[in-house]
Amino acid sequence: MGKIKWGILVVIMTVVAGIFFGLINEKKEFSDKEFLFDTYCTITAYGDDAEKAVVEAFSQSADIHSITDGFAENSEVSEINSAKAGIAIPVSDDLAEILTTVTEIENSSSRAFDSSIAPVVLLWNFGGEGRIPSEEEIKRAMAYVGDGKIVFDSNKKTVMKTDDNAKLDLGGAAKGYAGDKAVEVLKSFGVSGAIVDFGGNILCFGENPKSDDGKWRIGLQKPFAPTGEYDEKNVVELSEGAVVTSGTYQRYFDKDGKRYHHIIDPKTGYPANQTYSSVTIVTESSLLGDCLSTACFVLGRDAGQKLADKYGAQIIFL
Ligand code: AMP
Ligand code: MG
């Protein structure tokens, strides 16, 4: 064989070897979707143990859902909600962790975030067809809402109600906590990178093998547009963190030409009346981001920005 032919053969073999090693070196991807927290949750992870990691992350998310679901008969939240006043109810470590951040944000937001909002939220029936409660109904339910109605003792890890009718609603925080836990599990399996999307709560870490620089780009949902649609100017770029959105489009109903959404102003008992449709918080923890996004939605642009600044979080109103 002449020198040129040998040369061509070497080039071909180099290319074939490159493709072969490239393929076996390519990060294994595993992605799955489950219906939890009343929404579709997706996890995509990369690495040899990606599948095992995603399965375990979903298993722990399902556990957190079954603790915090106020509509499930035997959940911890349901037990608290049906308990009488004056009884100290021990809570699990998971619930204690959620309530620690919830209490912190209730205090720092002047209770714009209020986990005792359940009696009012239930009247609006956002989980079903939706209905407009009468002023009288709202007034009555509001009497069970507010500071001191449900007292969390972080040292004893107990919850005590001071009113039989007081009820917890962790709809604005539980998904966020589950996202943080999912990331913890994925990291413990040594995955090289992952993106977790729990209906408006997005978390990512490690390397994104689908981008040139390994970073993650998260397009912020355009309110009321088809799911997944976003404007190019509203893309958050990050290596690791949580991007959490509270939006009116996530749960609402229309009646007599008016739109009623699920983020309630605890001062009025009515949907928070704002000029924007969503608030996105970019921060390290999605539990913190979840509480902040709901709180800041209620607070409005100025007070919302101040609260986000206090926690070193980025805030975007759309
Ligand atoms: P998010 O989508 O995180 O903003 O949470 C909204 C959910 O939290 C609602 O569907 C209610 O279950 C609950 N919620 C509504 N208003 C509030 C509020 N002001 N504080 C705390 N939770 C709320
Ligand atoms: Mg929230």
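If you're wondering where the values come from, they're calculated on a predicted model, not measured in any experiment. (Residues numbered from 1 in each chain as written. Chains lettered and ligands numbered in written order. Predicted model: local features only at pLDDT ≥ 70, side-chain atom pairs only at ≥ 80, totals over all residues. Heavy atoms only, no water.)

Draft legend 1. Summary view of the packing of helix H2 (residues 50–68) against helix H7 (residues 174–188). For the pair H2 and H7, the least separation of the axes is 9 Å and the interaxial angle reads 155°. The pairing of H2 with H7 is recorded here as roughly antiparallel in orientation. Considering the relative orientation of H2 and H7, their crossing is right-handed. Counted together, Ala53, Val54, Glu56, Ala57, Gln60, Ser61, Ile64 and Thr68 of H2 and Ala174, Tyr177, Ala178, Lys181, Ala182, Val185 and Leu186 of H7 form the full contact between these two elements. Here the contact of H2 with H7 is built from residues that sort into ten nonpolar, three polar and two charged. (Axes fitted to C-alpha atoms, helices over the stretch in contact; angles between N-to-C directions. Helix = DSSP H or I, 4+ residues; strand = E, 2+ residues; numbered from the N terminus. Parallel < 35°, antiparallel > 145°, perpendicular 65-115°, else oblique. Left-handed = near helix turned anticlockwise from the far one by under 90°. Contact = heavy atoms within 4.5 Å. Nonpolar A, V, L, I, M, F, W, Y, C, P; charged D, E, K, R; others polar.)

Draft legend 2. Seen up close, the sheet that holds strand S5 (residues 158–161). Strand order in the open sheet made by the three strands is S3-S5-S4, with antiparallel pairing throughout. At either margin of the open sheet sits one strand with a lone partner, and together these are strand S3 (89–90) and strand S4 (150–153). As judged from the four bridges shared by S4 and S5, these two strands associate in the antiparallel manner. Within S5, the position partnered with Ile150 by the bridge is Lys161. (Pairing = 2+ DSSP bridges.)

Draft legend 3. Molecular detail of the nonpolar core. Of all hydrophobic cores here, the largest spans 66 residues; its most connected members are Ile43, Leu170 and Leu186. When residues of this core are assigned to their parent elements, the largest contribution, eight residues, is made by helix H8 (residues 286–299). Of all hydrophobic cores here, the second largest spans 13 residues; its members include Val120, Phe253, Tyr260 and Ile264. (Core = buried A, V, L, I, M, F, W, Y, C linked by side-chain atoms within 4.5 Å. Buried < 20%, exposed > 50% of the residue type's maximum accessible area, 1.4 Å probe, protein only.)

Draft legend 4. Up close: the environment of Val243. Summarising the element assignment, Val243 is placed in strand S10 (residues 241–247). Of the residues examined, Val243 reaches a relative accessible area of 2% and is grouped as buried. Considered as a pair, Val243 and Gly130 are 113 residues apart in the sequence and their alpha carbons are 28 Å apart. In this view, Val243 contacts Gly200, Asn201, Ile202, Ile218, Leu220, Val236, Leu238, Thr280, Ile281 and Val282; residues no more than four positions away in its chain are not counted.

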